[in-house]
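Here is how the chains run, residue by residue.
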Amino acid sequence: MKWIIGLRNIKTGLAICICILISAMLKLEYPFYAAIATIISMENSVTNSFTAGKYRTMGTVVGAIVGAGFAFIEPGNAVYCAIGVMIVIYVCNLLKWNKSVSIGCIVFLAIMLNLQPGESPLFYGINRITDTLIGIAVAVIVNYAVFPPKHEVSLHKERKALGRRMADVFGQIAGRGEQVDLKRLRSELGNLEKYYRLCKDEFHLKKDVGDTMEQIGEEIESYRHIYEHLIILRRIVDEHGLKFAANTEVKAKSMDCDRAVQTPTAVEAAAYPETDLGRRIAIVYDYHVNWVYNKMQELGLPVPLKQMIRRVEVPE
């Protein structure tokens, strides 16, 4: 169990403090709503904070308009509350504001159930919108100015870690014929994709990193393809009951790069059993091993020596 207080936790508390102080300075009647907007809008990136605030604002506007309309008729009426909630949900869905439904209903019910006698429903609704905008503004500013998220650092760490992990898994499959945990590899790839999306969408990034992000995106796409080839290699071994032959030392042969790509990945082609099924499986296996090997070399990842990559023995 981790007892460390995260930066997002600290920033949320700081934002709440600032929000309440601003509400007191502006003499807002219900600082509660501004504080709620701050909590909802404090996300793991500045862009996500802005997006959450946008949904909060849209829902607040819909709920305030519908709530003010019904409050003019009879605030607190149970039937009107039910009908009003259905209208808020319908309008939000109609406008494709699905993430605004909950807050829209909350604002509607706040107006219908908290409106004091003699208080104007219109001004009450406007005040709720104002509270929301103040809370969102505080959350976005604090998230941007105070310990802004450094997703670039996490992205580069994940890139290096995944590259090493890919090379290790390939060595385990093709070099040592070991069982590997591809689910863990998929999870690590998912983490890399998450940080990439956060970095790409974050609007506080410098403008000159566009080319770098494009290159990283291509690298991640290559990792996806490598992962798919590794799955196929693992399935070939498991489903066909393949057994790896022991590593055999071979003499290096002088050849150019183009010819090296087409060279078998281990000792000699004669190592395969002389069966039609064996030859076909060997061709498929070699294709995927060579593809992964060449792609990893292209990405600059550490790969085992080609002489160390094992062939397979296919039982007749």
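Here the structure is a predicted model, which means the values were calculated and not measured.

Calculation criteria
Per chain, the residues get numbers from 1 upward, laid out in the order the sequence is written. Only residues with pLDDT of 70 or above have their local features reported here, since the model is predicted, and side-chain atom pairs are shown and tallied only from 80 upward, although totals for entire chains, interfaces and linings are computed over all residues. Think of the side-chain values as coming from all heavy atoms in the structure, minus any hydrogens and water. Working definition: helices are DSSP H or I runs of at least four residues, strands are E runs of at least two. Numbering for both runs from the N terminus. Burial classes follow relative accessibility: with a 1.4 Å probe on protein chains only, a residue under 20% of its type's maximum area counts as buried, one over 50% as exposed, and anything between as partly exposed. A contact between two residues is defined here by any heavy atoms of the two lying within 4.5 Å. Residue exposure ignores everything except the shown protein chains as possible cover, and the areas themselves are Shrake-Rupley values with a 1.4 Å probe. For this document, the term salt bridge refers to a Lys or Arg side-chain nitrogen within 4 Å of an Asp or Glu carboxyl oxygen. To get an axis, fit a line to the C-alpha atoms, keeping to the stretch in contact for a helix; angles then go from 0 to 180 degrees between the N-to-C directions. These descriptions rest on fixed angle ranges, namely under 35 degrees for roughly parallel, over 145 for roughly antiparallel, 65 to 115 for roughly perpendicular, and the rest for oblique. Gly falls in the polar group here, along with every residue not listed as nonpolar (Ala, Val, Leu, Ile, Met, Phe, Trp, Tyr, Cys, Pro) or charged (Asp, Glu, Lys, Arg). Take the far helix as your reference; a near helix turned counterclockwise from it by less than a right angle gives a left-handed crossing, and one turned clockwise gives a right-handed crossing. Among buried residues, the Ala, Val, Leu, Ile, Met, Phe, Trp, Tyr and Cys ones that are joined through side-chain atoms within 4.5 Å form a nonpolar core. In this scheme, patches are assembled from residues that exceed 30% relative accessible area and form no salt bridge. Like charges are connected within 9 Å, while nonpolar side chains (Val, Leu, Ile, Met, Phe, Trp, Tyr) are connected within 5 Å. One less than the number of residues in a helix, times 1.5 Å, gives the span that helix is expected to have.

Caption draft 1: Inspection of the overall build of the protein at higher detail. Within the protein, the secondary structure is distributed over 11 helices and two strands. Reading the helices (α) and strands (β) of the protein from amino to carboxyl end gives α-α-α-α-α-α-α-α-α-β-α-α-β. For the protein, the residues scored as buried account for 42% of the 316 residues in total. For the protein, contacts bridging at least 24 residues in sequence account for 76% of all contacts bridging at least 6. In the form shown here, the protein has an accessible surface area of approximately 18,200 Å², with 60% of it arising from carbon and sulfur atoms.

Caption draft 2: Quick look at the pattern of salt bridges. Using the criterion set out here, one finds eight salt bridges in the structure. Residues R128 and D131 are paired through a salt bridge, measuring 2.6 Å at the closest nitrogen-oxygen approach. Of the two residues, R128 and D131 are both situated in helix α6 (residues 121-145); the distance of three residues between them amounts to about one turn of the helix. Across this residue pair, the class does not change: R128 and D131 are buried. Between R224 and E193 there is a salt bridge whose closest N-O contact spans 2.6 Å. Within this pair, whereas R224 is found in helix α9 (residues 210-239), its partner E193 is found in helix α8 (residues 182-201), the two being separated by 31 residues in sequence.

Caption draft 3: Representation of the packing of helix α3 (residues 46-73) against α6. For the pair α3 and α6, interaxial distance at closest approach is 9 Å and the crossing angle is 175°. Put simply, α3 runs roughly antiparallel to α6. Counting all contacts with α3, which are made through V46, S49, F50, G53, R56, T57, T60, V61, A64, A68, A71 and F72, the residues of α6 involved are P121, L122, G125, R128, I129, T132, L133, I136, V140, N143 and Y144. The residue inventory of the contact of α3 with α6, partitioned by class, reads 14 nonpolar, seven polar and two charged.

Caption draft 4: View of unusual backbone geometry. Although it is not a glycine, K27 sits at a positive phi angle of roughly 55°. Considering the arrangement of structural elements, one finds K27 in the loop between α1 (7-25) and α2 (31-41). Phi at K96 takes a positive value of approximately 60°, unusual for a residue other than glycine. Here K96 falls in the exposed class, since its relative accessible area comes to 67%.

Caption draft 5: Looking closely at the environment of I129. Along the chain, I129 turns up in helix α6. Along the chain, I129 and A64 lie 65 residues apart, while their C-alpha atoms are 7.5 Å from each other.

Caption draft 6: Representation of the environment of V107. Relative to the assigned elements, V107 resides in helix α5 (residues 101-114). Among the residues examined, V107 registers a relative accessible area of 3% and is labelled buried. The sequence separation of V107 and T60 amounts to 47 residues, and the corresponding C-alpha distance is 5.9 Å. The residues contacting V107, other than those within four sequence positions of it, are T60, G63, A64 and R128.

Caption draft 7: The arrangement of the packing of α5 against α6 in detail. At a minimum axis distance of 11 Å, the contact between α5 and α6 shows a crossing angle of 140°. It follows that α5 is oblique to α6 by the angle criterion. For α5 against α6, the interelement crossing comes out right-handed. Contact residues: α5 offers V107, A110, I111 and N114, while α6 offers Y124, G125 and R128.

Caption draft 8: Structural context of the nonpolar core. Core analysis: the biggest nonpolar cluster contains 33 residues, and L155, M166, F170, L185, Y223 and L230 have the highest contact counts within it. When residues of this core are assigned to their parent elements, the largest contribution, 10 residues, is made by α9. Grouped together as the second largest cluster of nonpolar side chains are 20 residues, Y33, V107, I111 and L115 included.

Caption draft 9: View of a nonpolar patch on the surface. Taken together, the side chains of F72, I73, L122, F123 and I126 present a nonpolar region at the surface, about 560 Å² in accessible area. Take the nonpolar patch: its biggest share by element is three residues, from α6. Assignment of secondary structure puts F123 in helix α6. Judged by relative accessible area, F123 falls into the exposed class, the value being 56%.

Caption draft 10: Summary view of α6. End to end, α6 covers 36 Å across 25 residues, agreeing with the expected 36 Å (1.5 Å per residue, within 8%). Count one or two residues on from α6 and you reach F147, which has phi positive near 45°.

Caption draft 11: Region of the structure containing the side chain of E219. The topology assignment puts E219 in helix α9. The exposure class of E219 is buried, given its relative accessible area of 15%. Once residues within four sequence positions are removed from consideration, E219 is found in contact with R159 and L299.

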